[in-house]
Amino acid sequence: MRTLEKQIEQTVAEEIRKGGFSGAYKVEEINEKPHISGRIELPSLDSIVIGYNPDYDSEKLKLMARDVARHEQNHKKYNGFNGCPRNVDYHTERFIEPIAKILTAKGFGSEDVKYTANTLEDSILHADLNSKFSLGGISEFFSDVGKSTGDGRFTPFYDGHVKLNMFLWGNKSQKKQQRPYAVKDKERQKKVAEVVKNFVSRTGIKNLKEREKIRDFLNNEENWPKISRIYAEEFSKLMEPSYALPILNHSGKGTKGRESETPLPVDG
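Residues numbered from 1 in each chain as written. Predicted model: local features only at pLDDT ≥ 70, side-chain atom pairs only at ≥ 80, totals over all residues. Heavy atoms only, no water.

Caption draft 1: Structural detail: the overall build of the chain. Looking only at helices and strands, the chain features 11 helices and three strands. Counting from the amino terminus, helix and strand elements in the chain follow one another as α-β-β-β-α-α-α-α-α-α-α-α-α-α. For 268 residues, the compact-globule estimate of 2.2 N^0.38 gives 18 Å, and the C-alpha radius of gyration of the chain, at 17 Å, lies within 12% of that figure. Split into buried and exposed, the 268 residues of the chain put 54% on the buried side. As presented, the chain carries roughly 11900 Å² of accessible surface, and 47% of it is formed by carbon and sulfur atoms. With 44 positive and 40 negative side-chain charges, the chain shows a separation of 7 Å between the mean positions of the two kinds. (Helix = DSSP H or I, 4+ residues; strand = E, 2+ residues; numbered from the N terminus. Rg over C-alpha atoms; globule rule 2.2 N^0.38 Å. Buried < 20%, exposed > 50% of the residue type's maximum accessible area, 1.4 Å probe, protein only. Areas by Shrake-Rupley, 256 points an atom, 1.4 Å probe, with all protein chains shown as cover. Lys, Arg positive; Asp, Glu negative; His and termini not counted. Charge placed at Lys NZ, Arg CZ, Asp CG, Glu CD.)

This is the structure we're talking about:
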């Protein structure tokens, strides 16, 4: 076994052990960009697949693999954390259904709904993990996505996704790391800022101020339908063509922004 492959597999295996994941998992080499991928299979959330492209800085790749392993497990529940969505019923009833109600009325399809649910669930589970972990690998993943686009910039939707994550858990260094990939056009910048500001205000997390209190609010499954509805209402304002850049559980294929491509069979 090659050195990097062994190191990646050891990194993932260690996190699987620490996280207490009882299902199956697999690490495989890919030739895609961004250079890391991950998914946890629905409906039982009992199988994780992590892909890595060795054509990347090896230390950064190991950092990403570590945090992707944490991320995928915390879709169900990493030891000591809450997890999001925890099970397929919560995923469907508290994320998919309220988001679908908003997006379908605006002409978006099922892959847009899945993608949007994933980005919100990711944001919540990242805030959860941040109570103990700095998530340097997730920040690196965002940067890798930015570097992998044609113009080296996030789309407005993705910029909003990253900015919300940085608000919830990013440190000064991580926030600085994302700046080169933010949207450049001033009108778009203003629109992204307004969407994130509106989401933070309308959900009430702006008034909670402390990250611990925000985390508790986001971890409460009773709040998820309301959060999902507001998220769909606000972030749909940024769903322009090609908005859906890759997240760990969905490539963005099959959305209205990339409808010419074949949708992924599995989302997380």
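Continuing now.
Caption draft 2: Quick look at the packing of helix α4 (residues 110-129) against helix α6 (residues 156-169). Where α4 contacts α6, the axes come no closer than 9 Å and their chain directions differ by 20 degrees. The angle between α4 and α6 places the two elements in the roughly parallel class. Considering how the two elements wind past one another, α4 and α6 form a crossing that is right-handed. Taken together, the residues of α6 that come into contact with α4 (itself represented by Tyr115, Thr119, Asp122, Ser123, His126 and Ala127) are Phe157, Tyr158, His161, Leu164, Asn165, Leu168 and Trp169. Among the residues making up the contact of α4 with α6, the classes are represented as seven nonpolar, five polar and one charged. (Axes fitted to C-alpha atoms, helices over the stretch in contact; angles between N-to-C directions. Parallel < 35°, antiparallel > 145°, perpendicular 65-115°, else oblique. Left-handed = near helix turned anticlockwise from the far one by under 90°. Contact = heavy atoms within 4.5 Å. Nonpolar A, V, L, I, M, F, W, Y, C, P; charged D, E, K, R; others polar.)

Caption draft 3: Region of interest: helix α1 (residues 3-19). With 17 residues, α1 should cover 24 Å at 1.5 Å per step; its first-to-last C-alpha distance of 24 Å lies within 8% of that length. Of all the positions in α1, only Leu4, Ile8, Thr11, Val12, Glu15, Ile16 and Gly19 are classed as buried. An end-on view of α1 places all buried positions within 135 degrees of arc, on one side of the element. Facing away from the buried surface of α1 by more than 90 degrees, the exposed residues are Thr3 and Arg17. Of the surrounding elements, those touching the buried residues of α1 are β1 (24-29), β3 (47-52) and α2 (58-76). After α1 finishes, the residue Gly20 shows a positive phi value of roughly 75 degrees. (Expected span 1.5 Å × (residues − 1). Arc of directions from axis to C-beta.)

Caption draft 4: Spatial organisation of the nonpolar core. Ile36, Phe142, Tyr158, Phe199 and Phe235 are the most contacted members of the largest nonpolar core, which totals 74 residues. Ignoring anything within four residues of it in the chain, the contact list for Phe235 reads Phe157, Gly160, His161, Leu164, Val195, Val196 and Phe199. (Core = buried A, V, L, I, M, F, W, Y, C linked by side-chain atoms within 4.5 Å.)

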